[in-house]
Amino acid sequence: MPLTSDAATGRSVISGAYTKGVSNPRSPRFQVTADSLDAAAVAASVAGPTTGAVATFVGLVRDHNAGRRVLWLDYEAFAPLAVKAFERIATEIAAQWPSVDLAIHHRTGRLGIGDASIVIGAASPHRAEAFSACRYAIERVKQIAPIWKHEHFEGGQVWIEGATADPEDEAARQAAMARACS
Amino acid sequence: MLVTIRLFARLRELAGASELQHELPEGASARTAWERLVRDHPSLEEYGRAVSCAVNEEYARLTTPLKHGDEVAFLPPVSGG
């Protein structure tokens, strides 16, 4: 797994190659990065001549959570495993929606209100598969990717803890599929 | 055998370290490493049913056997996205 230095910022980017389609080494499909995310670039990275639809999901830091006024989030990741989790999600998507090309970029570090924490792009010849695959991807990221939010709110801070990460949990995978196809 | 333990998020904060090295007996599993960790840091015990793990940057089970030089990462419940 390459650890490269981004020429523009000097920050390190952990990324993985993609096994399907053409992988551009300058802009890998699956990234965990401290740099700000570019939804248009992610969408462009998955589109090709056979693409008729690109669904993009952009996750943003919002100013409230569970009744608390959120000030900022610190995102921590086990980056090499997170990239492998994204690749695993792509493999699952290829089995269900073979026409879809996928990219997932997740940001780490301190993010302010309105900052994008994740961008997912799913391209396909037709829109139905793109929408479903994109929804499936975000559900699976939340279930299995080794990434954590440390929420700083007015009056304190708390680690947000959701799902126990278990990629082999078939019930969780089916729940993600049900949401994607609802 | 010597193994490296990596901790993330609240586990890292509770243990006060992101990386530790432990000498474990032959035949140890990831669970052995976790139990050793909880012995040193009892506040981690609450994660016993919720923790997951990776060995050498691949998802693993607590029953996964370890060998000398392995890196075991313990992951609290995740919240990416």
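Please read all numbers here as calculations on a predicted model, not as lab measurements. (Residues numbered from 1 in each chain as written. Chains lettered and ligands numbered in written order. Predicted model: local features only at pLDDT ≥ 70, side-chain atom pairs only at ≥ 80, totals over all residues. Heavy atoms only, no water.)

> Provide a residue-level description of the state of the cysteines, including the pertinent values.
Residue and element names in this part refer to chain A. On inspection of all chains with the given rule, the structure shows zero disulfides over all chains. Cys-181 provides the cysteine sulfur closest to Cys-134, a residue in no disulfide bond, and the two sulfurs are 13 Å apart. Cys-181 gets classed as partly exposed once you look at its relative accessible area, which sits at 47%. (Disulfide = S-S within 2.5 Å. Buried < 20%, exposed > 50% of the residue type's maximum accessible area, 1.4 Å probe, protein only.)

> I'd like a description of the interface of chain A and chain B, backed by residues and values.
On the chain B side, the residues contacting the 32 residues of chain A number 25 residues. Summing both sides of the interface, chain A and chain B together bury roughly 2,400 Å²; the carbon and sulfur share of this comes to 55%. Put simply, chain A and chain B have three salt bridges between them. With a closest N to O distance of 3.2 Å, B:Glu58 and A:Lys84 form a salt bridge. Counting the contacts that link chain A with chain B gives 22 residue pairs in polar contact (both at pLDDT 80 or more). Breaking the side of chain A that touches chain B down by element, the ones donating at least two residues are strand E6 (68–77), helix H2 (79–96), strand E9 (116–124), helix H3 (127–144), strand E10 (147–153) and strand E11 (156–160) of chain A. (Contact = heavy atoms within 4.5 Å. Buried area = accessible area lost by both parts, 1.4 Å probe. Salt bridge = Lys/Arg side-chain N within 4 Å of Asp/Glu carboxyl O. Polar contact = N/O pair within 3.5 Å; in protein donor to acceptor, adjacent residues only side chain to side chain. Helix = DSSP H or I, 4+ residues; strand = E, 2+ residues; numbered from the N terminus.)

> Explain the confidence of the model for chain A residue by residue, including any values.
All names here are of chain A. The pLDDT averaged across chain A works out to 91; a share of 86% of its residues lies at or above 70. In this model, residues 1–10 is a region of pLDDT below 50 whose contacts with residues beyond four sequence positions or in other chains number 20 contacts. This stretch, residues 17–22, has a pLDDT under 50; its non-local contacts, to residues over four places away or in other chains, come to 15 contacts. (pLDDT = per-residue confidence, 0-100.)

> Can you break down the nonpolar core residue by residue, with the values?
Counting 50 residues, the largest nonpolar core has A:Ile93, A:Leu102 and A:Ile104 as its most contacted members. A per-element tally of this core places H2(A) first, with nine residues. Ranked by size, the runner-up nonpolar core spans 22 residues in total, among them B:Ala15, B:Leu24, B:Tyr47 and B:Leu62. (Core = buried A, V, L, I, M, F, W, Y, C linked by side-chain atoms within 4.5 Å.)

> Describe the packing of H2(A) against H3(A), naming the residues involved and giving the relevant values.
Residues and elements named next belong to chain A. Where H2 contacts H3, the two axes come as close as 10 Å, and the packing angle between them is 140 degrees. As far as their axial angle goes, H3 and H2 are oblique. Seen along the crossing, H2 lies across H3 with a hand that is right-handed. Across from Ala-85, Phe-86, Arg-88, Ile-89, Glu-92 and Ile-93 in H2, the residues of H3 making contact are Ala-133, Tyr-136, Ala-137, Arg-140, Val-141 and Ile-144. Partitioned by chemical class, the residues of the contact of H2 with H3 number nine nonpolar, no polar and three charged. (Axes fitted to C-alpha atoms, helices over the stretch in contact; angles between N-to-C directions. Parallel < 35°, antiparallel > 145°, perpendicular 65-115°, else oblique. Left-handed = near helix turned anticlockwise from the far one by under 90°. Nonpolar A, V, L, I, M, F, W, Y, C, P; charged D, E, K, R; others polar.)

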